[in-house]
Structures are given as structure tokens and as C-alpha cells.
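# Observations on the three-dimensional arrangement
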Amino acid sequence: MQFLSDFASQVILYATIYTLASLGIVISGRAGVFNVAAEGIMLAAASTGFMTAFFTGSWIMGFVVGALTGALFGFLLALLHERYRVNQFILGICLVILGSGAADLLYKIVMGVRLDAPKAPPTPILSVPFLSGIPLLSALFSANAIVWLMYALSLAAWWFFYRTQMGLETRAIGESPRSADVAGINVKLTRYLATTVGSALIGLAGAYIPLVVTETYAPDISAGRGFMAVGIAIFASWKPHRAIIGGLLFSAIEVLSFQLQMLSSPVPYQFFLMLPFFAVLAVMMIFRKTIEYPASIGKPYSRE
Amino acid sequence: MIEAGMMEAGRIFAAVRRQALIYLVAVGLAFAVLALLVALMGFDVLKAFRYLLTASFKSTFGFQETIKKTVPLIFATYAFSIPFMIKFFNIGGWGQMMIGGTAAAAAGLTLAPLGLPAWILMPLLIVIGTASGGLFGMAAGGLKSRWDINPIISTIMLNFVAQHFLNFVATAKPFKDPAEGHPITMPLPAEGTLGFLGGFPVSFIFAIAAVVFVSFFLKRTRLGFEIRAVGHNQLAAETYGIPFTRAILTSFFIGGALAGLGGTLETINIHGKLIEGFAKTSGAQYGIFGILTSLVVGGNPIGVPFAAFFMSVMLVGADSLQRTMRIPVELVFLAQGIIVLFIVTVRESMNAKKR
């Protein structure tokens, strides 16, 4: 009982990283921009977000600055792609390198070398009264503020894409920017907005790791989760409600691999650590038939 | 006839001048950003640039270090470049390098008790390492052609798999050096290792051979021609009977094999044993620098050794900056990223205008 409850709350803790990041990738993807820079954005946001929270003592400021860092990267991605027509994937890879370099550089310059690991101010736990008292449901109804934000943003993204005019227009751009343009939708502006907002969510995911999960910053802190989030966005077929399912699934696999690693088994622990990465490939193989891409994703659009 | 030749020469000259201009502008802009950052951090800009650019040439040791970095970088660059000819991203050069080095080390340590002579063991290890890297790379090609998984995703996932596999072999009971705290294996038998020529690793001969091989392979062989054809126009190539699957599998195999060879040479030449971080330089993956180098030269295989050398000069300079002036190496990594971003942006926006 207690084990299950602990497992569930661990899964939700990690699922927030995956869900926020893949939601961000889904949002820009729907407008036709394939954001493979998530890993670099997360690392940069982790660094700026953590340091802001550390110096201001405010977890909210940490997340705000993390999101702004993400937005800045998203804007850069949109600018270089929309204005200078740089291939989205090349850009993404360059931004991963810039993001991870900038993250460690900033941290080294600002924080210097410290003997003790600096601690982040705690992010408050918000619980639903009564419901959180039920043993098995406690994981669901008692969680840190960002988990609730993740639920809210998932819902908002779904509502935006399937219940609003602008969401429909964004999806139309992802399918066919030319038709959308003819229909009078501002393709460029929407792509800028979607990439910037989406990257802000990726920034939130990045800041979440040092602020909540590890409570301190370390180099390469996202450890490939940004790339896995790209895999989740593909698995989700760029649908927000499937991003959260993917987030929970991969989080469960990651938590399971931690647990298995600690068991004394004849299988060397490194093979359990490989599990989440194989899982991404396995899931993409299994669900290959159901995966759909927005038709124009990754392709530049110009009126000529 | 002569006039046509003159015009052709004029066109080539104009193209070369344009390329040179792109590089000069990009490097200039990136160095300006770097200078600004160094100044903002309160360091002496001129002194920093002197260290950055001259560390490779001021001492024999610096030059040897530069060559030691150039060799794996050339292999990591081809690992990205060759699949990129058919527009696929092999981010897995790092993983393929690790698998190559790991497989060679595991084979060398396993075969050590047999006491094989050098003329058998050394080539055998090279073949094993190269083939392992190639097959590991080809897996990503297969995942694309058979299951339609984007190689960006699959190669990155396989990088992590390779990282854990390397850690497993370097810490496994029969291999690990008990005297070492870090994941490092026992030394390989001397018959399986390569030596140094005047302080330079023999591996640089392999790097030169790789440059020749890649140019020859792409220009003069049927498989190379097929890869270039698919890269130009996949549909047209398929219409003429060139199977896409073969092109993708071959390109990922060749790319992976070259990375695997690079990793093998690090293991059997530079270190003489398997070390966990062997595929990294100053804490950053060779694979990443390979991608940057490849984007700098933009698909020209002959340019690779020169660009790799330039990147290595900066990497050695970065180490020297950190040692002498306490400027973090990440600053130089950032500058390299900016150089590449500028080059790519200028080149692609020029190409877009031309179209």
C-alpha cells in the first residue's frame, strides 16, 4: 500500500518534467516548428531559474525566469527559422549546444566553486483537503504547485487547440501553412507565438528539475529528458492530452528503472539504467501505426 | 572555348570568395561576442585571445595535444557528415565512438591470455571496434527504414545506451583495474596497442586514411554514388532503381564505423585501456564537436581535417585559458556554437535567396 502510494507520487513528480517539456514541443509543432532544442532550453532554464530562486529566495521568481529563458530561446529559434530560413533541425542542435554551454558557464561565473551544494527554496506542496487523506489517492491530491500547474496547462492546451478559433488556426498552419495563409491567418506571427510560448513551457520543465526534483543544480542536470520529451511529443502525435499520458508512461519507466537498479539482481544495474531509452524506441515502434505528424512540420514556409 | 573556361574560373573564384567571406564574417562576429563576454567577466581580452589561439603553437606539447584532439574529431565529423548527405541527422557519433572503443577493449582484454602476436591482435581489435561502431550506427538506420523512427531521436537514445554499456564494461569484474577508483579497465596487452611517432599518436595516419577513404568512397564507388543520388533527390533516385533502404543503412553504417574506428584508436592508441570519459574532451562529447565541425564545412569532405584542426586549436586554447586565466572552458564551447550558428545562418539565408 505505502509502496504503491510512494511509487505513484514519484511517478507524478517526474512526469511533470516530461509532460511540461513535451507539451511545449507539441505547441510549436502544431504551428509547424519542430523544436528539437528542448534539452538545451531545459539546461539553460535550469541554470537561470535555479540561480534566481537561490538569490531571491522565491521559488516563483525561479520558475518565472526559467520560463522567460525558455521563451528567449524559442524566440531565437523562430527568428532564425522564419527570417533567415535556417533548417529547424540544424537550429535545434545548435541551440542544444548553446543552451548547455550557457547553462554551465553562467552557473560557474555567478556561483563560482562552492564546497556545499546550494539549496533551492522549497516549492510549496498543495493538498486537496479530505481527498489527500485517502491512502492511495494521496499521490494524486497532494503535490507541489508545479504539478498542479502542469495539469492546468495540459487542460488549457487541449482547450486551446480544440475549442478556440486561434487553436484551430494554429493547427491549420501545422497542416498547411499555404492554405492557412490564403484563409487570412497570420502564419509568421502564429509560428513566433507558438514557438515562444511552447519554449517557455520547456523552460518551466527545465527549472523544475533543480528547484523541485534535485533541489540543487548540477551540470547536465536534465540528463537527456529533453530529448525523450521530443520522443513523447511524437508518440503523442502532437496531441496535448496524449502528451500527459506519455509523460506519465515514461516517468513510470524511469522510476521503475531506479527501483530495479537498487535490487540486487544478477543483471548489472547499468542495463536497468538503459531501460527508459530503450522504452522510447520500443514505444515508437509499437505505436508506429497511430503516430501522425502535422503535415508541414519541419518545413519552412514562404509566400513565393 | 577559352572564354568559357575563363567564365567558369571566374564563377569558381566568386564562389570561393563568397565562402571565405562567410567564414570570415562568422568567425569575426563570434570572436566579437567572445571578446565582449570576456571583457564583461572582467578579464584581459587581448591576453585571453593570445592564450586561446596560440596555445597549440607555442610548445611541442600544445601541438601534440591539438593533433590528439583533431584525430577523434575528424572521425566524429564524418559520423555526422555521411548520413547527413541523405538529410539524416546522426547525433549518435558519440555513442558509436564509445561502442567502438568499448568493444575493442573488451575483445583485447578477453583475448589477452591467448598471447596473440601483434600482427593478428592489433588489426583484429581495429576490425572489431570499427564493425561494432558501424553496426551500432546501422541500428539507427534500420529503425528509420523499418519503423520510421527519426534518427535524431534514435541516435540520442542509443547514445545513452552506449554510455551505460561503456560504464558496465569498464566496471565489470574481469576487466576493471582494482587499483583505480574511476571506471577504468586493466591495460590492454601491448600486442593490441599502437604507439607514438615523435610524440604524435599513430592514429593520425588512420585519420588521414579516413579522409582519403571518404572522398574516394563518395566520388568513386557505387554505394557512395547512390548515397549522393538519394541526397540530391530521393524520389528520382528511387525511380532509377536506387533503394532508399540501402542508402540509409550504408550511410549510417559507414558513419558509425568511422566513429567506431575513432573510438577504437582512442582506446588502443591514446590510453591503452578503456577509460569511462575517453570519448569526451574537457568534459564535452566529441560527438557534439563533430556535428559543429561538420556544419562548418557544410558537406565538403576535404574541408573536414582543416575545420577539425581549427576546432581543436580552440579546444586546446580553452584548456589553456581555464588553466592560466581561470576562464571556464564553456565560454569557448559557447563561442564555437555561435560561430557555427552564424555560418549556418549566413549560408542558409544566402541559399534561400539564390533559390
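Quick summary incoming for the structure in this document. For clarity, every value in this text was computed on a predicted model and none was experimentally measured.

### Looking at helix H9 (residues 187-213) of chain A
All names here are of chain A.
- Across its 27 residues, H9 extends 38 Å between first and last C-alpha, which sits within 8% of the 39 Å expected from 1.5 Å per residue.
- Along its length, H9 reaches its greatest deviation from straightness, about 30°, at Ala-207, and the proline Pro-210 lies no more than four positions downstream.
- Of all 27 residues in H9, 23 are buried; the element is thus mostly enclosed.
- A side-chain oxygen of the first residue of H9 lies 3.5 Å from the backbone nitrogen of Lys-188; this N-cap is Asn-186.
- Of the residues flanking the end of H9, it is Glu-215, one or two places downstream, whose phi is positive at about 65°.

### Some details on the packing of aromatic side chains
- This model, assessed by the stated rule, comprises 30 aromatic pairs over all chains.
- Relative to B:Phe309, the ring of B:Phe57 has its centre 6.1 Å away and its plane inclined at 55°; by these criteria the two rings are tilted. Placement of B:Phe57 in helix H2 (residues 45-58) and of B:Phe309 in helix H12 (residues 304-325) is noted, with a sequence separation of 252 residues between them.
- Note on B:Phe57: relative accessible area 47%, which makes it partly exposed.
- Measuring from centroid to centroid gives 5.9 Å for B:Phe63 and B:Phe200, while their planes differ by 80°, and the two rings are edge-to-face. With B:Phe63 in helix H3 (residues 60-84) and B:Phe200 in strand E2 (residues 200-201), this residue pair connects regions lying 137 residues apart in the sequence.
- Of note, A:Arg242 hangs over the ring of A:Phe235, and the distance from its end group to the ring centre comes to 5.5 Å.
- For the cation-ring pair, B:Arg146 lies above B:Trp147, with the distance from its terminal atom to the ring centre recorded as 4.9 Å.

### Describing the interface of chain A and chain B
- The partner chain B presents 41 residues to the 40 residues of chain A that form the contact.
- A buried area of about 3700 Å², summed over both sides, lies between chain A and chain B, and 84% of it is on carbon and sulfur atoms.
- Taken together, chain A and chain B are joined by 1 salt bridge.
- Put simply, A:Lys108 and B:Glu330 hold a salt bridge, and the shortest N to O gap is 3.0 Å.
- At the junction of chain A with chain B, the criterion picks out 4 residue pairs in polar contact (both at pLDDT 80 or more).
- Counting only elements with at least two residues in the side of chain A that touches chain B, the list comes to helix H4 (88-111), helix H10 (225-235) and helix H12 (269-286) of chain A.
- The biggest single contributor to the side of chain A that touches chain B is H4(A), with 13 residues.
- Classifying every residue of the side of chain A that touches chain B by side-chain character gives 31 nonpolar, 5 polar and 4 charged.

Rules and cut-offs
Residues numbered from 1 in each chain as written. Chains lettered and ligands numbered in written order. Predicted model: local features only at pLDDT ≥ 70, side-chain atom pairs only at ≥ 80, totals over all residues. Heavy atoms only, no water. Helix = DSSP H or I, 4+ residues; strand = E, 2+ residues; numbered from the N terminus. Expected span 1.5 Å × (residues − 1). Bend = angle between axes of the 7 residues up to and from the residue. Buried < 20%, exposed > 50% of the residue type's maximum accessible area, 1.4 Å probe, protein only. Polar contact = N/O pair within 3.5 Å; in protein donor to acceptor, adjacent residues only side chain to side chain. Phe/Tyr/Trp six-rings, centres within 6.5 Å; stacked < 30°, edge-to-face > 60°. Lys NZ or Arg CZ within 6 Å of the ring centre and 35° of its normal. Contact = heavy atoms within 4.5 Å. Buried area = accessible area lost by both parts, 1.4 Å probe. Salt bridge = Lys/Arg side-chain N within 4 Å of Asp/Glu carboxyl O. Nonpolar A, V, L, I, M, F, W, Y, C, P; charged D, E, K, R; others polar.

Function cannot be inferred from these measures alone, as they are strictly geometric.
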